[in-house]
Amino acid sequence: MRTVVFDAPPAKATAHAWMPSSPCGAGCIESIDEVGTGRVLGRLLGVAGLLISFPMVNLVTPPSKRESVQRGYARTLLSCLGMELRIVDRRIDQNTRGAVGEGSTARAVYGEPGTGVMVVVGHIGWTDIVALAAVQPLGFVARADMVDWPVLGKLATLMRVIPIEREKLRALPGVVAQIGARLTAGDRIAVFPEGTTWCGRAYGSMRPALFQAAIDTATPVQPVRLRYLDQHGAQCTVPGFVGDDSFGSSARRVLRSRGMVAEIVLAEVQQPGSDRRDLARRCEAAVRGTELSRHGVRDATVWIEAGKTRVQDPTVASDAPEVRRPSRRLRPVLRGRGRKVESADSSA
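Now for a quick tour of the structure. (Residues numbered from 1 in each chain as written. Predicted model: local features only at pLDDT ≥ 70, side-chain atom pairs only at ≥ 80, totals over all residues. Heavy atoms only, no water.)

### Remarks on the packing of helix α1 (residues 37-60) against helix α7 (residues 247-256)
For step 1, the next point in the chain: Put simply, α1 and α7 touch, their axes get as near as 9 Å, and they point 115 degrees apart. In terms of orientation, α1 lies roughly perpendicular with respect to α7. α7 is crossed by α1, and the crossing has right-handed handedness. Note on element contacts: α7 touches α1 through V254, L255 and R256, opposite T37, V40, R43 and L44. (Axes fitted to C-alpha atoms, helices over the stretch in contact; angles between N-to-C directions. Helix = DSSP H or I, 4+ residues; strand = E, 2+ residues; numbered from the N terminus. Parallel < 35°, antiparallel > 145°, perpendicular 65-115°, else oblique. Left-handed = near helix turned anticlockwise from the far one by under 90°. Contact = heavy atoms within 4.5 Å.)

### Considerations on the pairing of strand β3 (residues 117-121)
For step 1, the next point in the chain: Most of β3 sits out of view: five of its five residues are buried.
For step 2, the next point in the chain: Pairing of β3 with strand β6 (residues 188-191) involves four bridges; the strand directions are parallel. Bridged to V119 within β6 is A190.
For step 3, the next point in the chain: Sheet topology note: the β3/strand β7 (residues 221-229) ladder contains four bridges and is parallel. Bridge pairing links V120 to P223 in β7. (Buried < 20%, exposed > 50% of the residue type's maximum accessible area, 1.4 Å probe, protein only. Pairing = 2+ DSSP bridges.)

### With respect to the environment of D275
For step 1, the next point in the chain: Within the secondary structure, D275 is located in the loop between β8 (260-266) and α8 (276-288).
For step 2, the next point in the chain: Judged by relative accessible area, which is 36%, D275 ranks as partly exposed.
For step 3, the next point in the chain: Separated by 64 residues in sequence, D275 and F211 have C-alpha atoms that sit 9.0 Å apart.

### A few points about the nonpolar core
Here is a general trend for soluble globular proteins: nonpolar side chains tend to be buried in one another's company.
For step 1, the next point in the chain: Grouped together as the largest cluster of nonpolar side chains are 48 residues, with contacts concentrated most on Y110, L132, L138, F140, V224, Y228 and I264.
For step 2, the next point in the chain: Sort the elements by how many residues they give to this core and helix α3 (residues 127-135) lands first, with seven residues.
For step 3, the next point in the chain: If near-sequence neighbours (up to four positions away) are discounted, Y110 is found in contact with R91, V117, V119, L132, V135, Q136, L138, R188, Q222, V224 and L266. (Core = buried A, V, L, I, M, F, W, Y, C linked by side-chain atoms within 4.5 Å.)

### Thoughts on the packing of aromatic side chains
For step 1, the next point in the chain: In the structure shown here, the tally under the stated rule is three aromatic pairs.
For step 2, the next point in the chain: Plain terms: the ring middles of W126 and F247 are 5.1 Å apart, the flat faces sit at 55 degrees to each other, and that makes the pair tilted. Residue W126 is located in the loop between β3 and α3, and its partner F247 is located in helix α7; the two are separated by 121 residues in the primary sequence. No difference in accessibility class separates W126 from F247, as the two residues are buried.
For step 3, the next point in the chain: Residue placement shows R288 over the ring face of Y203; its charged tip is 3.8 Å from the ring centre. (Phe/Tyr/Trp six-rings, centres within 6.5 Å; stacked < 30°, edge-to-face > 60°. Lys NZ or Arg CZ within 6 Å of the ring centre and 35° of its normal.)

### A short note on the pattern of salt bridges
Opposite charge on two side chains permits them to pair, given that their charged atoms come into close proximity.
For step 1, the next point in the chain: For the structure shown, the criterion picks out 11 salt bridges.
For step 2, the next point in the chain: Put simply, D245 and R253 hold a salt bridge, and the shortest N to O gap is 2.7 Å.
For step 3, the next point in the chain: Of the charged contacts in the structure, one is a salt bridge between E284 and R281, with a shortest N-O distance of 3.1 Å. In this pair, E284 and R281 are both assigned in helix α8, three residues apart and thus about one turn of the helix distant.
For step 4, the next point in the chain: Given the relative accessible area of 12%, E284 is considered buried.
For step 5, the next point in the chain: Residue classification places R281 among the partly exposed positions, given a relative accessible area of 30%.
For step 6, the next point in the chain: Connected through shared salt-bridge partners, E67, R71 and R188 make up one network. (Salt bridge = Lys/Arg side-chain N within 4 Å of Asp/Glu carboxyl O.)

Pasting the structure below:
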């Protein structure tokens, strides 16, 4: 097990030692340029209008046109949050055997309608859902209490979110079965295999458990790299939903920010194979690519800096929970790792 070193204030402990935790906290969030109060109010009114009108519009829209309408609403909602959308397609074009590249819209989708695909992406915050849906409508595996959230709760219900209670490990096979059923039916389902939110500059390992649904159904997996950039093109941590963040404080921070860009990078599609650990590692490599830490090292001991937070990238040796008591040498480390769980996904 690797140590975690950080300067941010310690977060609250997780419910179980086997649950993933992130050291990211308030120290990771760096301010960027902000808009005035009038612009914030305008954005709020826009968000309210979209949320009020969407259920009715979606209901009266013919099924053949709903995907286009849903994508349009997601992109407009993203705009009301003060973000632009950038799609970079780095998949291989089978006709030219070359990368499609940035700015292409012909293939900038996760999969053809009626074709099941699992989308895997690192988890930063609640805006991830809006950004991913702006590329192409899809379902999500999300924390069970999300339906009770303001604003996003109604959307979660309409998007047929698959709920997961991360404290209940025994319920995990049922969640995997639900994902498999949806994939078999031709749905696109997004999962966040890190199991918790990170600030975006630091990140965790992709846990293997939910990849089993892709293996069981022989469904291809689309790795996605999601980043938020400020108006100067620098990576931005404002959308990070970490530490003791509440939805209200996070929403205020996002609505006040100026010029953010949600960048979606579509990496090469991975075939499921037969080993979920191998599939998880391949997807993680596809998402991270040749990215180097600020220390210029890319290996098992990579260090990642995030504002005032400096962490060592944790890697999970096994996808099963550890039931042994930690050694005395590791107990102080484990006591310092906990944080308030903000994720949508499983740790197993």
